[in-house]
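Structure at a glance
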Amino acid sequence: MEYNNQISMLKMVFLMLIMMLGSQLNSDYYKESCPTLFYVVRRVLRRAVAREPRMGASLLRLFFHDCFVNGCDGSILLDDTPSFLGEKTAGPSNNSVRGFEVIDKIKSTVESLCPGIVSCADLLAIAARDSVLLLGGPGWSVKLGRRDSTTANFAAANSGVIPSPISTLSNLINRFEAQGLSTRDMVALSGAHTIGKAKCSTFRNRIYNESNINPSFAMSRRERCPAANGSGDTKVADLDIRSPKMFDHSYYKQLLGNKGLLTSDQVLFNNGATDSLVVTYSHSIRAFYRDFARAMVKMGDISPLTGSNGQIRNNCRRPN
């Protein structure tokens, strides 16, 4: 009992720390120092997403990978250097996360107008929000004022803090809880899979070996994903087969029919604790949008660098 109480106290302290750090951020942070910031980011993103709608999903995922490894500090954007290995080549991200060139373009454009003012971590947060908006999803007020890390953490990125595509429900709940995010937050954020694609290697086992899958859906996915490991590994499929280029709630409707592409998708609706939330979001896009926006703000509050910590990088790919 005493041990459990100690664990509970530690969790409370951790959550309070996240709230304190997050409270130092505010949406008007650049109102005076870079008043055209939001317009500039939106303009670059609109072109990128119009050229490739999948890019919206990629930038949203980039923000998620950044925040889950040592907080939202822009460390995912750093290339390898002689002194450290970046996070780009860690298992969950290697040949998987993308969108770095779009962030580079946003950064160079912002730097030309407001040099040395806006952090890469904040640009990534804005890009994630605008990506959702441009694909028809909800908006939210992005809190700003993060600073950039001067190093990356390859080991942390490889430690399992980022849930894998074969995660169990308990693993998902625990991984999100460790970041101060509730089960409701986790189910809402999983709805980001209403856009984007996944590689064959991440869903091969599900479509060939799992039983809680719609047979015709599995057959259709097998057409582009051969059973043999190493064959067609990089071929991709839409995570949402109904409306893959729209940020809506059809992802949850898919789960009700056992058409989740990833194991970690379908576990959300598999006679478990999150079934009722999936049903709620499948019926109410308003409820999904509300909870997704709230969860994105909470995720953006994870361990930001503020004050004199970190730096404002001139180039998002390397420390100053």
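If you're wondering where the values come from, they're calculated on a predicted model, not measured in any experiment. (Residues numbered from 1 in each chain as written. Predicted model: local features only at pLDDT ≥ 70, side-chain atom pairs only at ≥ 80, totals over all residues. Heavy atoms only, no water.)

1. A word on the pattern of salt bridges
Rule in force here: Here a salt bridge means any side-chain nitrogen of Lys or Arg lying within 4 Å of a carboxyl oxygen belonging to Asp or Glu. The numbering of helices and of strands both runs from the N terminus, where a helix is a DSSP run of H or I of at least 4 residues and a strand a run of E of at least 2. Three labels apply to residues, based on accessible area from a 1.4 Å probe with only protein chains included: buried if under 20% of the type maximum, exposed if over 50%, partly exposed otherwise in between.
This structure, assessed with the given rule, holds 16 salt bridges. In this structure, the salt-bridge partner of R184 is D291, at a minimum N-O distance of 2.9 Å. Residue R184 is found in helix α8 (residues 183–190), and its partner D291 is found in helix α14 (residues 285–300); the two are separated by 107 residues along the sequence. Residue classification places D291 among the buried residues on the basis of a relative accessible area of 5%. It is possible to trace a salt-bridge network through shared partners that takes in D79, K88, E101, D104 and R317.

2. Some thoughts on the layout of surface pockets
The test is simple: Computed over the protein atoms alone on a 1 Å grid, cavities are sets of points where a 1.4 Å probe fits but cannot get out and pockets are open sets with protein on both sides within 12 Å along at least five of seven lines; a residue lines them when it has an atom within 4 Å of a point. Grid points are joined across faces, edges and corners, and a volume is the space filled by probe spheres set on the points. Only Asp, Glu, Lys and Arg are considered charged, only Ala, Val, Leu, Ile, Met, Phe, Trp, Tyr, Cys and Pro nonpolar, and every remaining residue, Gly among them, polar.
Taken as a whole, the largest pocket encloses approximately 1,000 Å³ of empty space. For the lining of the largest pocket, the secondary structure elements donating two or more residues are α3 (54–68), α7 (169–177), α8, β1 (197–199), α9 (200–209), α12 (263–266) and α14. Considering each element in turn, the lining of the largest pocket owes the most residues, seven residues, to α3. The residue inventory of the lining of the largest pocket, partitioned by class, reads 20 nonpolar, 14 polar and seven charged.

3. Let's talk about the packing of α9 against helix α10 (residues 215–222)
Where we set the bar: The convention used is that axes are lines fitted to C-alpha atoms, helices contributing only their stretch in contact, and that angles between N-to-C directions extend from 0 to 180 degrees. For classification, angles of less than 35 degrees are called roughly parallel, those exceeding 145 degrees roughly antiparallel, those between 65 and 115 degrees roughly perpendicular, and all remaining angles oblique. Left-handed is the label given to a crossing in which the near helix is rotated counterclockwise from the far helix by less than a right angle, and right-handed is the label when the rotation is clockwise. In what follows, residue pairs with any heavy atoms lying within 4.5 Å of each other are defined as contacts.
The N-to-C vectors of α9 and α10 enclose an angle of 135°; their axes lie 9 Å apart at closest approach. Our classification of the angle between α9 and α10 gives oblique. The element α9 and its partner α10 pack so that their crossing is left-handed. Contacts between α9 and α10 involve F203, I207 and Y208 on the former and, on the latter, A218, R221 and R222.

4. As for unusual backbone geometry
Look at N70: it is not a glycine, yet its phi comes out positive at around 60°. By the element assignment, N70 lies in the loop between α3 and α4 (100–113). At S303, a residue that is not glycine, the phi angle is positive and equals roughly 40°. Along the chain, the position of S303 falls in the segment after α14. Looking at S303, the relative accessible area reads 26%, which means it is partly exposed.

5. A short note on the packing of α8 against α14
Two elements in contact, α8 and α14, have axes separated by 8 Å at closest approach and are oriented at 110°. Considered as vectors, α8 and α14 are oriented roughly perpendicular to each other. Side by side, α8 and α14 meet where R184, D185, A188 and L189 of the first sit next to F288, R290, D291, F292, A295, M296, K298 and M299 of the second.

6. Side note on empty space enclosed by the protein
If you walk through the whole model with that rule in mind, you get one cavity of 30 Å³ or more. Approximately 70 Å³ is the volume attributed to the largest cavity. Taken together, F63, A125, W140, S141, V142, K143, R146, M296, V297, G300 and D301 make up the lining of the largest cavity. Sort the elements by how many residues they give to the lining of the largest cavity and α14 lands first, with three residues.

7. A few points about the confidence of the model for the chain
As a reminder of what qualifies: Here pLDDT means the predictor's own confidence in every residue, given as a number from 0 to 100.
Summarising the model, the chain shows a mean pLDDT of 94, and 93% of its residues fall at 70 or more. Note on residues 18–22: pLDDT is under 50 here. Beyond four places in sequence and across chains, it has eight contacts.

8. What to know about the UniProt feature "domain: Plant heme peroxidase family profile" (unreviewed entry) in the chain
The condition is simple: UniProt positions are given in the numbering used here, feature names are shortened, and annotations may be inferred rather than shown by experiment.
Those residues carrying the UniProt feature "domain: Plant heme peroxidase family profile" (unreviewed entry) are residues 24–320 in this numbering. Between the first and last C-alpha atoms of residues 24–320 the distance is 24 Å; the span itself is 45% helix and 2% strand.

9. Details of the state of the cysteines
The test is simple: The rule for a disulfide is simple: a pair of cysteine sulfur atoms within 2.5 Å.
In this structure the tally under the stated criterion is four disulfides. Paired through a disulfide, C120 and C316 show a sulfur-sulfur distance of 2.1 Å. Taking the sign of the S-S torsion, -95° for the link of C120 and C316, the bridge is left-handed. Here C316 lies in the segment after α14 and C120 lies in helix α5 (residues 120–134), a separation of 196 residues in the sequence. The residues C120 and C316 share a single accessibility class, namely buried. Disulfide pairing is shown between C200 and C225; the S-S distance is 1.9 Å. Since a negative S-S torsion denotes a left-handed disulfide, the C200-C225 link at about 75° is right-handed. Taken as a pair, C200 in helix α9 and C225 in the loop between α10 and β2 (236–238) lie far apart in primary sequence, 25 residues in all. Residue C200 shares its accessibility class with C225, and that shared class is buried. Once the bonded cysteines of the chain are numbered in order along the sequence, the disulfide links fall as 1-4, 2-3, 5-8, 6-7.

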